[in-house]
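Here is how the chains run, residue by residue.
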Amino acid sequence: MKVAAKFLRKTNRFLIAADVNPIGQRLVHYVDRLFPDRAIAFRLAHVVQPHHIPKLATGYVGEFSGLDLSGVIEGDRYREAVKLLDEQSRDIVIHREVETIVLEGRPSAEIAQDAFSSGVELAIVAPGAKGNFIPYGYSTTINLMAQSKVPVMAIPQPAFKKELPERPCFLIADNLEDVSKGALAFTHHVASRFSNSKIVHIHVAKGSKDEILKFGDLLQEKMNLGIVPHKDNFSPQSFYNSVEDGVQKILRGRMEAISNLDNENYECAALFGKVSEQLAYAIEKWQPDFLVFGRHELMHMKPFSIGKMPFHGMLSYEIPIFLVPKAIYS
């Protein structure tokens, strides 16, 4: 019996957090090319923050006055944002459904809330050229990825200039905990949107290969002394191979619990060592077009990281990233 993620949406609706500038326009057109399925509708969202409002007005003074001043916004800025969003969608509405919305308030909170309440299955943002996020800045987009109840896709600007892959490769890092189950289900779902895609499923286990081989040496010595039961054809290398095979078996079992595996389009691998180093090795080996991570409940903010992987490290490869919140399974 296959398990299913209760909160994995399949609504054919994407929210694009689009800034009203050329970068935002390039993001919209890139996503339009990346997902050619015209059945997918786009929701272009932009947040205009309250402007020139004294902090006292939104604090205790505003509260004591009995007035709700949190939504005060300059009408000209709002109308300009509406106009520019409409212009960004002009070329796309010809071939797909597009809606635009201008929100007001705290960007990360507004986008996260709108993504959830509007029923989209994916929220998309673009990091800036220097690691800052467009359109909302580094900290607010981190907050969006921490708060969002739907998967978030971060697309570095250099990806806009790359040729679209003929056979997209999704590299998913699985920590073998529940936090990654939603990411597994999401990876299978989004990969199925492409006619010919591949999933590379990895786990970085504790300890290096050398450490495992040394432990195999110790076991072999204990066997020779009769302390540990003898095993035919045992060697440090065979011990390492058995550990590697064991991890791969677990990985396959976790993916098989979600869908039937296509061996031509699925590959799993056990890696050993530091997470950042092994991720770099995996990217070099498999040349993935997308990275997928499950969002840990505990997200370290200084520096920002997901588990043991610094977020700047993820972005440095200039590969689009999917960050998937933990899903509840039945």
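Thresholds, definitions, all that
- Residues numbered from 1 in each chain as written.
- Predicted model: local features only at pLDDT ≥ 70, side-chain atom pairs only at ≥ 80, totals over all residues.
- Heavy atoms only, no water.
- Axes fitted to C-alpha atoms, helices over the stretch in contact; angles between N-to-C directions.
- Helix = DSSP H or I, 4+ residues; strand = E, 2+ residues; numbered from the N terminus.
- Parallel < 35°, antiparallel > 145°, perpendicular 65-115°, else oblique.
- Left-handed = near helix turned anticlockwise from the far one by under 90°.
- Contact = heavy atoms within 4.5 Å.
- Nonpolar A, V, L, I, M, F, W, Y, C, P; charged D, E, K, R; others polar.
- Buried < 20%, exposed > 50% of the residue type's maximum accessible area, 1.4 Å probe, protein only.
- Expected span 1.5 Å × (residues − 1).
- Arc of directions from axis to C-beta.
- Salt bridge = Lys/Arg side-chain N within 4 Å of Asp/Glu carboxyl O.
- Phe/Tyr/Trp six-rings, centres within 6.5 Å; stacked < 30°, edge-to-face > 60°.

Engineer: Is there a simple way to explain the packing of helix 7 (residues 209–224) against helix 8 (residues 236–256) in this structure?
Structural biologist: The description of two packed helices rests on the angle between their axes and on the distance between the axes. Relative orientation of the contacting elements helix 7 and helix 8 amounts to 125 degrees, with a least axis distance of 8 Å. As summarised for this structure, helix 7 and helix 8 are arranged oblique, according to the angle between their axes. Where helix 7 crosses over helix 8, the handedness of that crossing is right-handed. Facing helix 7, whose interface residues are K209, I212, L213, F215, G216, D217, L219 and Q220, helix 8 presents P236, Q237, F239, Y240 and V243. Split into classes, the residues belonging to the contact of helix 7 with helix 8 amount to 8 nonpolar, 3 polar and 2 charged.

Engineer: What is the right way to read unusual backbone geometry from this model?
Structural biologist: With phi around 60 degrees, N12 is a residue other than glycine that occupies positive phi space. The topology assignment puts N12 in the segment before strand 1 (13–17). Accessibility expressed as a relative area gives 27% for N12, which makes it partly exposed. Within the chain, N233 stands out as a residue other than glycine whose phi angle is a positive 60 degrees. Looking at the element boundaries, N233 is found in the loop between helix 7 and helix 8.

Engineer: Hey, could you run me through the environment of Y317 in this one?
Structural biologist: Along the polypeptide, Y317 turns up in the loop between helix 10 (311–315) and strand 14 (321–324). Among the residues examined, Y317 registers a relative accessible area of 25% and is labelled partly exposed. Separated by 34 residues in sequence, Y317 and I283 have C-alpha atoms that sit 8.4 Å apart. In contact with Y317, not counting residues within four places along its chain, are K162, S276, L279, A280 and I283.

Engineer: Which parts of the structure should I look at to understand helix 7?
Structural biologist: Working note: α-helix, 3.6 residues per turn, so residues spaced by three or four point in the same direction. Along its 16 residues, helix 7 runs 23 Å from first to last C-alpha, staying within 8% of the 22 Å computed at 1.5 Å per residue. Burial in helix 7 covers these residues: I212, G216, L219 and M223. Viewed along the axis of helix 7, the buried residues span an arc of 60 degrees, placing them on a single side of the element. The exposed set on the far side of helix 7, more than 90 degrees from its buried face, consists of D210, E211, K214 and N224. With its phi angle positive at about 80 degrees, G226 sits one or two positions after the end of helix 7.

Engineer: Sorry if this is basic, but what is going on with the pattern of salt bridges here?
Structural biologist: When the charged atoms of two side chains lie near each other, side chains of opposite charge can form a pair. Tallied over the full model, the rule gives 9 salt bridges. Ionic pairing is found between R43 and E99, a salt bridge with its closest N-O pair at 3.0 Å. Pair noted here: R43 is in strand 2 (residues 41–48) and E99 is in strand 3 (residues 98–104), with a separation of 56 residues, a long-range link. For R43, a relative accessible area of 10% puts it in the buried group. Here D174 makes a salt bridge to R254, at a shortest N to O gap of 2.8 Å.

Engineer: Help me out: how do you make sense of the packing of aromatic side chains in this one?
Structural biologist: Two aromatic rings, taken as a pair, are described by how far apart their centres are and by the angle between their planes. Within this structure, the stated rule accounts for 12 aromatic pairs. Measuring from ring centre to ring centre gives 5.0 Å for F14 and F35, while their planes differ by 80 degrees; the resulting arrangement is edge-to-face. In this pair, F14 sits in strand 1 while F35 sits in the loop between helix 1 (22–34) and strand 2, placing the two residues 21 residues apart along the sequence. Neither residue differs from the other here; F14 and F35 are each classed as buried. Look at F35 and F194: their rings are 5.8 Å apart centre to centre, the planes differ by 40 degrees, and that puts the pair in the tilted class.

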